[in-house]
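# Notes for the structure review
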Amino acid sequence: MITQDQGFFGRLTWDSFPVAALIRHPGTNEIVANAAAAVVVVGVVVVVALLSWFRLWGPLWRDWLTSADHKKIGIMYVVFAVVMLARGVLEGVVMRAQQAAGPGDGFLAAEHFAELFSTHGTIMIFFVAVPFVFGIANYVVPLMIGARDVAFPVMNQISLGLTVSAGMMLMVSLVVGEFSTGGWTAYPPYTGAAFNPGVGPDYWIWAIVVSGIGTTLTGINFAVTIYKLRAPGMTFMRLPMYCWTIICSSILIVFAMPPLGVAALLLAADRYLDFHFFTNDLGGNMMNYANLFWLFGHPEVYLLVLPAYGIYSEVFATFSAKRLYGYNSLVIATMSIAILSFTVWLHHFFTMGQSALINAVFGIATMLIAIPTGVKVYDWMATLWRGRIRFSVPMLYGLAFLMLFVIGGLSGVILANPTVDYQVHNTLFLVAHFHNVLLPGVLFGLLAAYNYWFPKAFGFRLNEGWGRVSVALWTLGFMLTFLPLYFVGLLGMPRRSFSWEDPDFHPYMIVALIGALVVLGALLSVLVQLWVSIRDRDRTRVPAGDPWDGRTLEWSIPAPPPAYNFAIIPRVSDRDEFAAAKEGGAAYPSPAAYEDIDIPRNTGIGFILCVLSGVWMFALVWWIWWLAILASVLIILAIIFWSFDSSTELTIPAEEVRKAHEAWLEQVRQAPAIDRDDETTSRNRGLARPDLEPAT
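Now for a look at the structure at hand. (Residues numbered from 1 in each chain as written. Predicted model: local features only at pLDDT ≥ 70, side-chain atom pairs only at ≥ 80, totals over all residues. Heavy atoms only, no water.)

### Concerning a nonpolar patch on the surface
- On the surface, F8, F9, W626, I629, L630, V633, L634, I636, L637, I640, F641 and F644 cluster together into a nonpolar patch covering about 1,300 Å² of accessible area.
- Along the chain, F641 turns up in helix α20 (residues 625–643). (Patch = residues over 30% accessible without salt bridge, like charges linked within 9 Å, V, L, I, M, F, W, Y side chains within 5 Å. Areas by Shrake-Rupley, 256 points an atom, 1.4 Å probe, with all protein chains shown as cover. Salt bridge = Lys/Arg side-chain N within 4 Å of Asp/Glu carboxyl O. Helix = DSSP H or I, 4+ residues; strand = E, 2+ residues; numbered from the N terminus.)

### Concerning the packing of helix α8 (residues 241–273) against helix α9 (residues 286–319)
- Closest axis-to-axis distance for the α8/α9 pair is 8 Å, and the angle between their directions is 160 degrees. Overall, the two elements α8 and α9 adopt an arrangement that is roughly antiparallel. The hand of the α8/α9 crossing is left-handed. (Axes fitted to C-alpha atoms, helices over the stretch in contact; angles between N-to-C directions. Parallel < 35°, antiparallel > 145°, perpendicular 65-115°, else oblique. Left-handed = near helix turned anticlockwise from the far one by under 90°.)

### Quick word on the nonpolar core
- If you look at the biggest cluster of nonpolar residues, it comprises 185 residues, and the most contacted ones within it are W204, W380 and W474.
- Every residue in contact with W474, bar those within four places of it in the chain, is listed here: Y397, L443, F444, L447, V519, A522, L523 and V526.
- Listed in part, the 8 residues of the second largest apolar core include I597, I599, I652 and A654. (Core = buried A, V, L, I, M, F, W, Y, C linked by side-chain atoms within 4.5 Å. Buried < 20%, exposed > 50% of the residue type's maximum accessible area, 1.4 Å probe, protein only. Contact = heavy atoms within 4.5 Å.)

### Quick word on the pattern of salt bridges
- Applying the stated criterion across every chain yields a total of 18 salt bridges.
- Among the ionic pairs, E91 bridges to R87, the shortest N-O distance being 2.9 Å. Placement of the pair is E91 and R87 together in helix α4 (residues 70–100), with a separation of 4 residues, close to one helical turn.
- By relative accessible area, which is 7% here, E91 ends up buried.
- For R87, a relative accessible area of 7% corresponds to the buried category.
- Where D574 meets R323, a salt bridge forms, and the shortest distance between an N and an O atom there is 3.3 Å.

### What about helix α2 (residues 28–53)?
- Counted at 1.5 Å a residue, the expected span for α2 with its 26 residues is 38 Å, and the 36 Å between its end C-alpha atoms agrees.
- Residues of α2 that are buried include every one of N29, E30, N34, A37, V40 and L51, and no others.
- Among the structural elements, α1 (18–24), α3 (57–65), α5 (110–144) and α6 (153–175) are those in contact with the buried residues of α2. (Expected span 1.5 Å × (residues − 1).)

### Quick look at a negative patch on the surface
- The grouping of E595, D596, D598 and E649 at the surface amounts to a negative patch.
- One can find E649 in strand β2 (residues 649–652).
- Overall, the relative accessible area of 47% leaves E649 in the partly exposed class. (Lys, Arg positive; Asp, Glu negative; His and termini not counted. Charge placed at Lys NZ, Arg CZ, Asp CG, Glu CD.)

### Digging into the packing of aromatic side chains
- Here the structure, examined in full by the defined rule, presents 51 aromatic pairs.
- Relative to F460, the ring of F454 lies with its centre 5.3 Å away and its plane at 75 degrees, an arrangement referred to as edge-to-face.
- Residue F460 is classed as buried on the basis of its relative accessible area of 6%.
- Among the aromatic residues, those joined into a cluster by ring pairs are F126, W184, Y187, F275, F277, F278, Y289, F293, W294, F296 and F434.
- Positioned above the aromatic ring of W64, the side-chain terminus of K72 is 5.6 Å from the ring centre.
- Over the ring of F236 we find R230, and its NZ or CZ is 4.1 Å from the ring centre. (Phe/Tyr/Trp six-rings, centres within 6.5 Å; stacked < 30°, edge-to-face > 60°. Lys NZ or Arg CZ within 6 Å of the ring centre and 35° of its normal.)

### What to know about helix α12 (residues 370–384)
- Taking 1.5 Å of rise per residue, the 15 residues of α12 would be expected to cover 21 Å, and the 21 Å separating its terminal C-alpha atoms lies within 8% of that figure.
- P372, T373, K376, V377, D379, W380, T383 and L384 are the residues of α12 that are buried. Axial view of α12: buried residues confined to an arc of 160 degrees, hence all on one face. Within α12, the exposed residues directed more than 90 degrees away from the buried face are I371 and Y378.
- At its buried positions, α12 is contacted by α8, α9, α10 (327–340), α11 (356–368) and α13 (393–415).
- Of the residues flanking the end of α12, it is R386, one or two places downstream, whose phi is positive at about 60 degrees. (Arc of directions from axis to C-beta.)

### Structural notes on the environment of G10
- When you line up the elements, G10 lands in the segment before α1.
- Relative accessible area serves as the criterion here: at 7%, G10 is assigned to the buried category.
- Each C-alpha atom, one on G10 and one on P543, is 56 Å from the other, the two residues being 533 residues apart in sequence.
- Setting aside residues up to four positions removed in sequence, G10 forms contacts with W622, W623 and I624.

### A closer look at the packing of α4 against α6
- Running from N to C, α4 and α6 cross one another at 15 degrees; their axes reach a closest spacing of 10 Å. Our classification of the angle between α4 and α6 gives roughly parallel. The hand of the α4/α6 crossing is left-handed.

### A word on unusual backbone geometry
- P188 connects to P189 through a cis peptide bond whose omega is 10 degrees.
- Along the chain, P189 falls in the loop between α6 and α7 (200–228).
- Of note, A321 is a non-glycine position whose phi angle comes to about 55 degrees, a positive value.
- Residue placement: A321 occurs in the loop between α9 and α10.
- At N565, a position not held by glycine, the phi torsion is positive, near 70 degrees.
- N565 sits in the buried class, given a relative accessible area of 1%.

Such coordinate-based values are descriptive only and should not be taken to indicate function.
Right, here's the structure in full:
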C-alpha cells in the first residue's frame, strides 16, 4: 500500500541503484548484480554509438521503426526475442552455477537468486517465446495465405511497441531497483505489499499488463487475417498446417490473456490501493489469483507449442519431399489440443487440498491431451516414412524434437497422476518436465523456422556448417542441463532452492552446470552462424526465392519479397499450391495485366506508444504520480491525433509492379535448377527442381 513519504521522484533515491549496495557492502552478490547492470548500460551505449557512427538513425527511423510492413515488424519481433534470449540464458547459467557451488550458501544471496528465477521465467515465457513465435508468424502467415499484409497493420506495429516497452522494463529493473522475487507466476503472498513492499512485484505487474495488451491485439489481428484475407480458392482445408496452428493459438490468446491481465490488475489494486483480493484478511483469497493465473497459464503452454507444431509440419513435409501425411487428423488434433488446454488448469492445484474427485477429473483431462499430441507425432513419422529426406538444419532440429519432446510428453502424463504429482510437485522433476516441453517443443521449432525461412526474409541462406554445430550444441546442452534434473528431483531436491545440503545432489548439479555452459555455447554459435552468413552472403544468395523446393505460397515470390508481397494475388486450387504449380509447369506465370497496389504508409504511432508506455510503467513502479499522469495524457493525445490521419496508404503504380516482377522472372529464367546434391552450394540461387532428384 502507498504509505511512505515521497519526493519529486516518488520513492526513487540513490539507494535504488545497485551500485549503492556495492559501495556500502561489497561482495560477490553485489558484484554479480552490478555486472548485469553494467552489461545493460554498456550495451545501450554501444548500440547508440554504432548507430551514430554509421549514420543509421535516419534509415532506422524511416525503414524500420515507423514501418507498418508485417515482414519488418516480424523481423523486429525476432531481434527483440533474441536479445531477451541472451539475458535469459545468462541468468540460467548463473542459477546453475549457484546450485552447483556445492552444499552451503554459494555466491549469491537468497533474494538475488529469487530475482534470477523470477526474471528468467518471465523473460523466457513472455519476452522470448511469445515475441519469437509471433515474429515468425508475422513474417510468414500473410505470405502463406496469399495476402499483402495482416488485417490491421498499424495495430500490428502498436503490438510490437507495447511488447518491446514491457520487455525493456525488465532490463531497467537491472539498473534501477530490483525485480520481483515471487517467481514468473507472481503468487501472493510473496508478491503482496506486506511480504514484499519494494518495487520488484510492480515491475512484473506493469510489464505483464502492457505486454498482455500487445499480445491480445496480436491474437485478434492474426485471427482476422486468416479468417478474412486468404487468397481466392484457399478454403480452410487448404490452409497450410502452420496457419492452422497460428489461428488456434490466436484464439487461445484472445480467451486466455484477459484472465492474466485481470489477475495482475487485481494484484496491483492490493498493492497500490490496499484492496484485499488476494490477502489472508478482510475476505481475500489467494487461490483466486492461482485460478486466474493458470486459466491463462496452461493455455499459454499450447499457444506457444502449437505454432512450433505447425513449423515442424512444414519442415517435415518440405525436407521429406512429400505431402504432409494425415492433414485432416492434424487439423482435428490441433483444434482438440486448443480446446482441451482450457480444461486442465487445476492440475496445478493437485497439492492444494481440493477433493479427490476434482483431482481425478483434471488428471484424466490432462492425460487426454496426450492423445491428439500422439496423433501428431505419428503423422509426422508417417510423413518421414519413405520420404526423400534431406538432413538440412531445420530437419535436424525437427528430428531432435521428435526424440526429446516425447520424453517431456511422457513425463507430463506421469505428472497427470495426482498421487505422483503430490510427491514431485515442488521438486526439480517438474522443472525438468517444463523445460523438456518448452525447449525441444518450442525453442527448437523456432530455431528450425529461423533457418528455414531466413533465406526468404533476407535473400541468402544461413551457413549450413555452423547451423549443424548449433543443433548439436542445443541438443547436447539441453540433455546435460535438464535430464539430470529428473533424477535429482526424484531424490527430493526442491525447485527454487538457492542452497542445499544433501551431497547426493552434487554430481547432478555439476552436470547441469556443464550443460548450461553448452547451452550458452549454442547461443553463441547462432550468433557466429549469422555473422559468417552475412560475411559470405554473395555466395549464398537465392533471389529466385525457392531454395528448399518449398510447397506453399511464400516460396513462389522473390527473396526477399517486395513490400506488396504478390504482384498478382494467387488463386489457390490445391493445399500445396506452389508444389502443384511446379509439377504442372505453371509456377512462375507472367500476368497479362498488372494493377496499382496499396500498401500501409509509415507511421510513428507504434514507436510513440512504445516510449510513452515505458515512461508510464516506470512512473507507476516508482510512484512518480505527476509523470504517470503526464504520460497518460500524452498517450491519449497521441492516439487522438493519429486517428485524424487519413493518409494511411501508399499506392505503388502498376508499371512499377510490372517492371519489378518481370525483372524477377528474368532472374528465375537465368537461375540454374538445382538438385539435392547442390542445395547447400553456391549453385543454389533459389530455383529447386520440383523433386530434387539428381540431374540425368
